[in-house]
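Chain and residue survey
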Amino acid sequence: MSPPSANMEEEKKAEESTAAAAATTELLLPSSPAKVLPNFVAPYGPTVHVSKHPVLAHKLSILRSSSTSPSSFRQALREITFHLGYEATSTLSTKDIPITVPGSNHIDHIDAIGSRISDKVALIPILRSGLGMVDPMLELVGNATVHHIGMYRSKSLMPVQYYNRLPKKCDVDVAYVMDPLIATSATIISVVSILKRWGVSEIHVISVIASKVGLSELLKHHPDVRVTIGTVDEELSADGNLLPGLGDCGDRLFGTPILEDEEDLVHPSKRKRTMSVASES
């Protein structure tokens, strides 16, 4: 039998050998980028989340491409919205509810505790391009109500409201405002102001692309609003469009021609262009 001092010395050597082996393994194994880089970063503050997910970046390139058909455009917007909405809804409150789970014999049922969203949620798509974001959000929060607000930009780039279906009484805890693009942010700022006057306590904006200037303006006017976006474009054109952006989102979503004036809000029978074309034929 070995003396106690010899046993202690052998244990010490074994520990040192194990530690050395572990250190060597750490040096040989490369660090995982997924553990270092988060999918979402907040360079504009804790209320703004900009996606860094590689799959979303891939889908965003499809959305931007001028060769993408309207059907593929709608599908890409749907997938991107689902990803952004999944992250945006992470702050919703839940409550415990009793549920039963089927047993392995398909006869017994096991009692368990589940969760249900306790917040009353409203989806606010800004017409018309915001309509393409409604269905994927309803897949996430199926009990949400949907209230439409129609806005368009005048020649002076100021937002003009032409449609509002908000109920008189506000019984909503959280409202998700959906617009694929935030350019000058004048439209989104106006809609958020409308919702605050309506009485919503928590507002969350979901957008695919925002301009750097527009995002800063939104936060300056509404610093309490949460924002989840896919990416940020650095530039705006002289007429207030994102660069590179993705073109006219509404026209690409619905496959409609681009009108150079404001006649898209006029009935086809009253449009000057329609009437002139009809007279020529």
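Residues numbered from 1 in each chain as written. Predicted model: local features only at pLDDT ≥ 70, side-chain atom pairs only at ≥ 80, totals over all residues. Heavy atoms only, no water.

1. Looking at the nonpolar core
Spelled out, the test is: Nonpolar core, defined: a set of buried Ala, Val, Leu, Ile, Met, Phe, Trp, Tyr and Cys residues in which side-chain atoms within 4.5 Å join the residues together. Remark: exposure states derive from per-residue accessible area (1.4 Å probe, protein chains only) relative to the maximum for the residue type, with buried under 20%, exposed over 50%, and partly exposed in between. Labels follow the DSSP assignment, with helices taken as runs of H or I lasting at least four residues and strands as runs of E lasting at least two, numbered in each case from the N terminus. Contact criterion: two residues are considered in contact whenever any of their non-hydrogen atoms come within 4.5 Å of each other.
Of all hydrophobic cores here, the largest spans 30 residues; its most connected members are Ile124, Val177, Ile188, Leu195, Val205 and Val227. Of all the secondary-structure elements, those providing two or more residues to this core are β2 (48-51), β5 (121-127), β7 (149-153), β9 (174-178), α6 (186-198), β11 (202-211), α7 (212-221) and β12 (226-233). If one sorts the elements of this core by residue count, α6 sits on top with seven residues. Excluding residues within four positions of it along the chain, Ile124 makes contact with His147, Ile149, Leu166, Ala175, Tyr176, Val177, Met178 and Leu195. Ranked by size, the runner-up nonpolar core spans 28 residues in total, among them Ala76, Tyr176, Val208 and Ile209.

2. Focus: the pattern of salt bridges
Spelled out, the test is: By salt bridge we mean one thing: a side-chain nitrogen of Lys or Arg within 4 Å of a carboxyl oxygen of Asp or Glu.
Taken as a whole, this structure holds seven salt bridges when the rule is applied. Between Glu139 and Arg78 there is a salt bridge, with its nearest N and O atoms 2.1 Å apart. Highlighted residues: Glu139 in helix α5 (residues 134-140) and Arg78 in helix α4 (residues 70-88), separated in sequence by 61 residues. Arg78 gets classed as partly exposed once you look at its relative accessible area, which sits at 30%.

3. Here's the deal with the packing of aromatic side chains
Rules: Between 30 and 60 degrees the pair is tilted, below 30 it is stacked and above 60 it is edge-to-face, where a pair is any two Phe, Tyr or Trp rings, Trp via its six-membered ring, whose centres lie within 6.5 Å.
Following the criterion strictly, the structure yields one aromatic pair and no others. Ring geometry for Tyr152 against Tyr162: centres 6.1 Å apart, planes inclined by 45 degrees, an arrangement best described as tilted. In this pair, Tyr152 sits in strand β7 while Tyr162 sits in strand β8 (residues 159-164), placing the two residues ten residues apart along the sequence.

4. A few points about the layout of surface pockets
Keep this limit in mind: Here the term cavity refers to a set of points on a 1 Å grid, laid over the protein atoms alone, in which a 1.4 Å probe fits but cannot get out; the term pocket refers to an open set having protein on both sides within 12 Å along at least five of seven lines, with lining residues being those that place an atom within 4 Å of a point. Grid points are joined across faces, edges and corners, and a volume is the space filled by probe spheres set on the points. Throughout, the ten residues Ala, Val, Leu, Ile, Met, Phe, Trp, Tyr, Cys and Pro are labelled nonpolar, Asp, Glu, Lys and Arg are labelled charged, and all others, Gly among them, are labelled polar.
Considered as a void within the structure, the second largest pocket measures approximately 260 Å³ in volume. Lining the second largest pocket are 14 residues, and of these Asp119, Lys120, Val121, Asn143 and Ala144 lie nearest its centre. Along the lines of polarity and charge, the residues of the lining of the second largest pocket split into six nonpolar, four polar and four charged.

5. Points about the side chain of Ser185
Positionally, Ser185 belongs in the loop between β10 (181-182) and α6. Residues within four places of Ser185 in sequence aside, it is in contact with Gly214, Glu217 and Leu218.

6. Considering α7
For the record, the criterion: Working note: the arc is built from the helix axis to C-beta atom directions.
The set of residues buried in α7 consists of Gly214, Leu215, Leu218 and Leu219. Down the axis of α7, the sector holding all buried residues measures 135 degrees, keeping them to one side. Of the surrounding elements, those touching the buried residues of α7 are β2, β10, α6, β11 and β12.

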